[in-house]
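Secondary and tertiary structure notes
The lines below spell out each chain.
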Amino acid sequence: MVTSLREIYQLKIQLNDIRPPIWRRLLISSTSSLEDFHHTIQIVMGWTNSHLHQFVCGSSRYGNIDPEFDIDPGFTLHDEINFRVKDLLKKEDDSILYEYDFGDGWEHKITLEKILPYKKNQTLPFCIKGKRACPPEEVGGVFGYFDFLEKWSNEAHPEYKDMREWAGDHFESESFSPSETNEILREVFTRT
């Protein structure tokens, strides 16, 4: 069997424990570093890259090695710059976990849906589709987000005004734009 050195992965990223689901479908090169993949996830999900993160594949963890951050001696974190997406996701239906913001504990299930032949002119990474806006940063995890939504959408709630001021009037929980997301991806990943 002949294997290509580089393929296009169609991935689905879904935020765990949120109903109705918040998810994205994207195309990425199988040879993208986990560091680039992290930045891609931040953009497509709508996070601000303000917190620590890790990829979890089986019992192995991958992330940004920061010498100023003490790691428990019994905890091994592999440096994400030394690994590629294809090192963790090898065949269709494989999945890994991406955790962002250890305080809020946002867990994302990433599933390899399709392995496609590499096309030289394909813009990568590229967001195909998605549903619903990402929760605001610092909202307090899944339960905090549900509490926020209740206050955010109920003008009669005593904390409605505070939530509007805190998150800004631009937040729309049901909104997601693949075209705006792809503009940001092009700006970040286009190398001159």
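In what follows, the accompanying structure is described.

How each quantity is defined
- Residues numbered from 1 in each chain as written.
- Predicted model: local features only at pLDDT ≥ 70, side-chain atom pairs only at ≥ 80, totals over all residues.
- Heavy atoms only, no water.
- Salt bridge = Lys/Arg side-chain N within 4 Å of Asp/Glu carboxyl O.
- Helix = DSSP H or I, 4+ residues; strand = E, 2+ residues; numbered from the N terminus.
- Buried < 20%, exposed > 50% of the residue type's maximum accessible area, 1.4 Å probe, protein only.
- Expected span 1.5 Å × (residues − 1).
- Polar contact = N/O pair within 3.5 Å; in protein donor to acceptor, adjacent residues only side chain to side chain.
- Contact = heavy atoms within 4.5 Å.

Side chains that carry opposite charge are capable of pairing whenever their charged atoms lie near each other. Going through the model one piece at a time under the given rule, you end up with five salt bridges. For Glu-174, the salt bridge is made with Arg-132, and the minimal N-O distance between the two is 3.2 Å. Highlighted residues: Glu-174 in the loop between α4 (160-167) and α5 (178-189) and Arg-132 in the loop between β8 (126-131) and α3 (141-153), separated in sequence by 42 residues. When its relative accessible area of 55% is taken as the criterion, Glu-174 is described as exposed. What you see here is one network of salt bridges that share partners, running through Asp-147, Lys-151 and Glu-159.

The subject of this paragraph is helix α1 (residues 34-45). Residues spaced three or four apart along an α-helix face the same direction, because each turn holds 3.6 residues. When the terminal C-alpha atoms of α1 are compared, their 16 Å separation across 12 residues agrees well with the 16 Å that a helix rising 1.5 Å per residue should span. Within α1, nine of the 12 residues are buried, leaving the element largely enclosed by the surrounding structure. Residues of α1 that are buried: Leu-34, Phe-37, His-38, Thr-40, Ile-41, Gln-42, Ile-43, Val-44 and Met-45. One or two positions beyond α1, positive phi appears at Gly-46, with a value near 100°.

For the rest of this paragraph, the subject is the side chain of Arg-24. Structurally, Arg-24 can be placed in strand β2 (residues 23-29). A polar contact is formed between the side chain of Arg-24 and the backbone oxygen of Lys-131, at a distance of 2.9 Å. In this structure the side chain of Arg-24 is engaged in a polar contact, spanning 2.9 Å, whose partner is the backbone oxygen of Arg-132. For Arg-24, the residues in contact, after removing those within four places along its chain, are Leu-11, Lys-12, Ile-13, Val-44, Met-45, Lys-129, Gly-130, Lys-131, Arg-132, Ala-133, Cys-134 and Phe-176.

Note that Gln-54 resides in strand β3 (residues 53-57). Note on Gln-54: relative accessible area 6%, which makes it buried. In this structure the side chain of Gln-54 is engaged in a polar contact, spanning 3.4 Å, whose partner is the side chain of Arg-61. If we ignore the near neighbours within four places in the chain, the residues touching Gln-54 are Arg-61, Tyr-62, Phe-75, Leu-77, Leu-97, Tyr-98, Glu-99 and Phe-102.

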